[in-house]
Amino acid sequence: MDNMLVTVNLKKYFPIRGGLLGAKKGEVKAVDGVNMAIRKGETFGLVGESGCGKTTCGKTVIRLLKPDGGQIFFDPKGGLPENPGDNYGQFDIARLRGKQLKGLRRHMQIVYQNPSTSLNPRMLVKDLVAEPLIVHKICKGAEAEKRVLEIFEDVGLSSEHLHRYPHEFSGGQKQRIAVARALITNPEFVVLDEPTSSVDVSVRASLLQLFKELQRKMGLTYLFISHDLSVVQVLCDRVAVMYLGKIVEVAESKELFNNPLHPYTQALFSAIPIPDPETKRKRIILKGEPPSPAKPPLGCKFHPRCPKAMELCATNEPMLIETRRGHWVACHLY
Amino acid sequence: MKMVKVKGRFRGGESPRIRELAFILNRIRRSPLSIAGIIIVLFFTFIAIFAPVLAHPQPNRDPYMMPRYGFSPIPRPPGPDFLFGTTEGQYDLYYGIIWGARTAYRIGVLVVAVSMIMGIVIGSIAGYYKGVIDEVLMRITDIILAFPALILAMAFVVAFGRGLDSITFALILVWWPSYARLVRGEVLKITAEDFVEAAKAIGCSDFRIMVRHVLPNTIFPLIVMASLDIGSVVLTAAALSFLGLGAPTGYADWGQIISLSRNWITGAPGNPFAYWHTYIIPGVFLFLFVMGWNLLGDALRDVFDPMIRRR
Amino acid sequence: MQPPVLAEKEQLKVQDLMVRFYTYEGIVKAVEKAKLKLRLGETLGIVGETGSGKSVTALTIMALTPTPGKVEGGNIYFRLTSGEIVDVLKLRGVELLKIRGKEISMIFQEPNAALDPLYTVGDQIAEAILTHRLPEMLERVNQLKKKEADSFLMRLPIFRGIFEKRLLNQVVREEIVQLLRLMEIPDPERVLDSYPHELSGGMQQRIVIAIALACSPALLLADEPTTNLDVTVQAQILDLIMRLKQRFGMSIIYITHDMGVIAEICDRVAVMYAGNVVEVAPVKEIFKNPLHPYTKALLESIPKPGSAFKSIPGTVPNLVNPPSGCRFHPRCAYAMKKCSVEVPQLKEVSKEHNVACFLHGDA
């Protein structure tokens, strides 16, 4: 009963337009029926490769995009059960609009992958970070500047950084500015969309340390999206693996990495290069290319590339079932 | 390519905005043509501002009407009495040129400013909301772009009478579509960037996003276009005045002045350049004005070129 | 008699390379006295972060230093397939064109930026083949011509020209299909006629590799070719590169920041920091016994489950005004007084293991 964000059958499709008048030719099913439950205070990891829909999922969950189906239950106090029914209708944010939607923004924020493009190059850092305060009419002017300095201290910046433009900073510092901007309204839920991918390896660790500290200090709940499995393994409490718009496996981080059940997860993990020349990992090399989300295969979406595919896999889509405690898989093998 | 070592550069200091300005000035320094453009523009600005001092207006008379010193149609050459001579009807050419600079700025700035504002409003709405709104607005823009400026100006003159106001209206109507298109293109490009989505994620209203995030990033191409356009607008207005559609006879407007020299271009028998001062002098000033603004616009375009911007 | 510049089994030797960039902010000392050695058939990994100078070094090996960079000193000795040794930095014009693409090839991080969107993929590979292997292709055309000789049409020069052109296209096309098969690209005839944007990232990168290997270069430079690819695709491409290396017998310089990739495919590793080469060693040595403090810190910053995050304090220095002496000293946990005064030179500390640090051996 301590979930903050629960999605039920979440769907997000993108139309493919073509022809003279831009008629709809087809759909890209970026997120196709995703069920997630994120507990208050945890770091929930979402992994997958390009095209799997993890970024779309992250953006839809905080209502940056409008979902095409399903429900998103959000309770900043973290009191949702894992299967909210109709009683919890007032927490469903899937169809919010206007003022209510704007009010939501104080509680849910996002940090983007590339701070060079997510910070307005023509705005001073102080204005960038103070903007949420002004937009939500929390405070302005000198008081806002004070709050900015406070959050700066939390993220490791100082007052001398206030009156500068983003391009004058290094990648790691820019990302800290983005984090400051996201956290200045004290949100409860933050989506981190590959926040360390654009940053140098040596700086990565300090950013991860920062995320951990801030979570502890401010009581944050994270949705951590990444394709870098080594980072996810260390930072996240629970991890979900996505493939072509669907979640194929969810488990506690340690359990998942020690004991991956889904063939895709197994192949994914085996593909990570290990920084140790002595161990020779047995690679599972998948055949073929990741398929296009516009024309997904029938049945289990992974079956054309699966080394363990059976006849059943081509016709029936497997559902997520709990094999061990807390470990869910969507595969006919189980 | 030889490296140009920049000595004694403009220093920025603490304020970031001043540092930006210093960067711009440093870049302009490097190109002699840009400096020439700036000097020319400053020269004309000076003349325009100090027109009443440089050429005293006559009492009880509209300062924009050139003073006449006689009624003889034959223009008098430059001499000690009249610095640039007189043109047909004994209008003082020097006075006309000086006050003509003011007229040029009035038309140029007015047309460009109003077109820019209209273009920004229409272009940003079209580019931001896309879809049907974009289609409709852009088709309207296309239709207006197809209008020939000259014919439209003539239609306005017939409807509202001759004068600079008529042609100003006509020019504004014909000029704003190019700004709308430019702004729309830039807005489309910028709204695809992450920071616009980030602003949405913070909860900014559409209006705030457009004004605080999108438009400031589209300013540079606009400034370049505007400075190049001032020259074009003045040239077009001069052509219209020359044809008799614009300024009334005797008005201090370069195109009008050239119009007065129409009968004297061929000169006197035996001396084809007898009355050169009636058309060469205003022509040269017009040419320099447009050239100066073009060079400035080019210089600004070089400065704001994104490749160089990103250093 | 002078001793040969390159030892018998050496492919490449970079000596005291200095590259400087003349920018608005000042002179960026991007690469400072870099030293590298590469043996025939070896895979050398270059590890470094932003500002380390690794990409600039690689581009300079092909004499493609990006403007406003200038090579201010040093030599790059390279052994051609013929056995001849040249200094790449002293070559000009036609000589240089004969090396690029034929003796030394490069693949980059962004495959869709390396491919021209206006031409089909087949056209781009053909360009590489026709630029460097034209005589060979024409020879094959001649052989085919002999079979068709003496028909009436062949007597007319116009038709003969068209016919020869078609034969050339056919010959080159066959060669490309062969090459694509080597790259393990399914359905090569269809891929040949595709445009780059119609292919996935992994496929595009394979095409880029095909272009690079079209002329069997002696040295392949790879600048983070798999960084932007998915993990599973990266595994496939790394696998492919290793197998191609066996087949073509070329040497590879592989630039990356991913220590895992280094561990997988490299024989020796060079670590670069702020324009200097700070450590070079065989791959097992580097992981087991890193000597330079930067190398140690880099290995420690790799996230490991169960242990805290360790990052390197400070930031990469501004190369317009780099720190005096050893460029790493402001961030070094072991810095001594000497480090801020003198620049440590790369010295051999144990067999095959070179370090530039005052902690190890007298520099």
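Here goes a summary of the coordinates provided. The structure displayed is predicted, hence computed values, not measured ones.

1. Topic: the overall build of chain A
Next up, step 1: Counting its secondary structure elements, chain A contains 10 helices and 11 strands.
Next up, step 2: Against the globule reference of 20 Å for 334 residues, chain A gives a C-alpha radius of gyration of 21 Å, in line with a compact fold.
Next up, step 3: Taking the principal axes of the C-alpha coordinates as reference, chain A spans close to 65 × 55 × 50 Å.
Next up, step 4: The buried share of chain A, reckoned over its 334 residues, is 48%.

2. As for the sheet that holds strand E6 (residues 189-193) of chain A
Residues and elements named next belong to chain A.
Next up, step 1: The mixed open sheet is built from eight strands, whose spatial order is E5-E6-E7-E3-E8-E9-E11-E10. With partners counted over all chains shown, the strands left at the sheet margins are strand E5 (108-111) and strand E10 (321-324), one partner each. For this sheet, the mean angle separating the axes of adjacent strands, direction not counted, is 25°.
Next up, step 2: Both E6 and strand E7 (residues 221-226) contribute to a ladder of five bridges, which runs parallel. Paired with aspartate 193 across the strands is isoleucine 225, a residue of E7.

3. Let's talk about the interface of chain A and chain B
Next up, step 1: Listed by partner, the interface residues are 20 residues for chain A and 15 residues for chain B.
Next up, step 2: Residue assignment for the side of chain A that touches chain B shows that the elements contributing at least two residues are E5, helix H3 (115-118) and helix H4 (125-135) of chain A.
Next up, step 3: The dominant element in the side of chain A that touches chain B, judged by the number of residues it contributes, is H4(A), at three residues.
Next up, step 4: A class-by-class count of the residues in the side of chain A that touches chain B yields eight nonpolar, seven polar and five charged.

4. Re the sheet that holds strand E5 (residues 85-87) of chain C
All names here are of chain C.
Next up, step 1: Here four strands make up an open sheet; going across it, the order is E2-E1-E4-E5 and the pairing antiparallel. For this open sheet the edge positions go to strand E2 (26-39) and E5, each flanked by a neighbour on one side alone. Taken over all neighbouring pairs, the strand axes of this sheet differ in orientation by 5° on average, direction set aside.

5. A closer look at the environment of Ile38(A)
All names here are of chain A.
Next up, step 1: By secondary structure assignment, the location of isoleucine 38 is in strand E2 (residues 23-39).
Next up, step 2: Of the residues examined, isoleucine 38 has 25 C-beta atoms within 10 Å and is grouped as buried.
Next up, step 3: Sequence separation between isoleucine 38 and glycine 18 is 20 residues; the distance between their C-alpha atoms is 38 Å.
Next up, step 4: Excluding its chain neighbours within four sequence positions, the residues that come into contact with isoleucine 38 are Asn3, Met4, Leu5, Phe44, Thr221 and Leu223.

Cut-off values and rules
Residues numbered from 1 in each chain as written. Chains lettered and ligands numbered in written order. Predicted model: local features only at pLDDT ≥ 70, side-chain atom pairs only at ≥ 80, totals over all residues. Helix = DSSP H or I, 4+ residues; strand = E, 2+ residues; numbered from the N terminus. Rg over C-alpha atoms; globule rule 2.2 N^0.38 Å. Buried ≥ 20, exposed ≤ 12 C-beta atoms within 10 Å, placed from the backbone. Pairing = 2+ DSSP bridges. Axes fitted to C-alpha atoms, helices over the stretch in contact; angles between N-to-C directions. Contact = placed C-beta atoms within 7 Å. Nonpolar A, V, L, I, M, F, W, Y, C, P; charged D, E, K, R; others polar.

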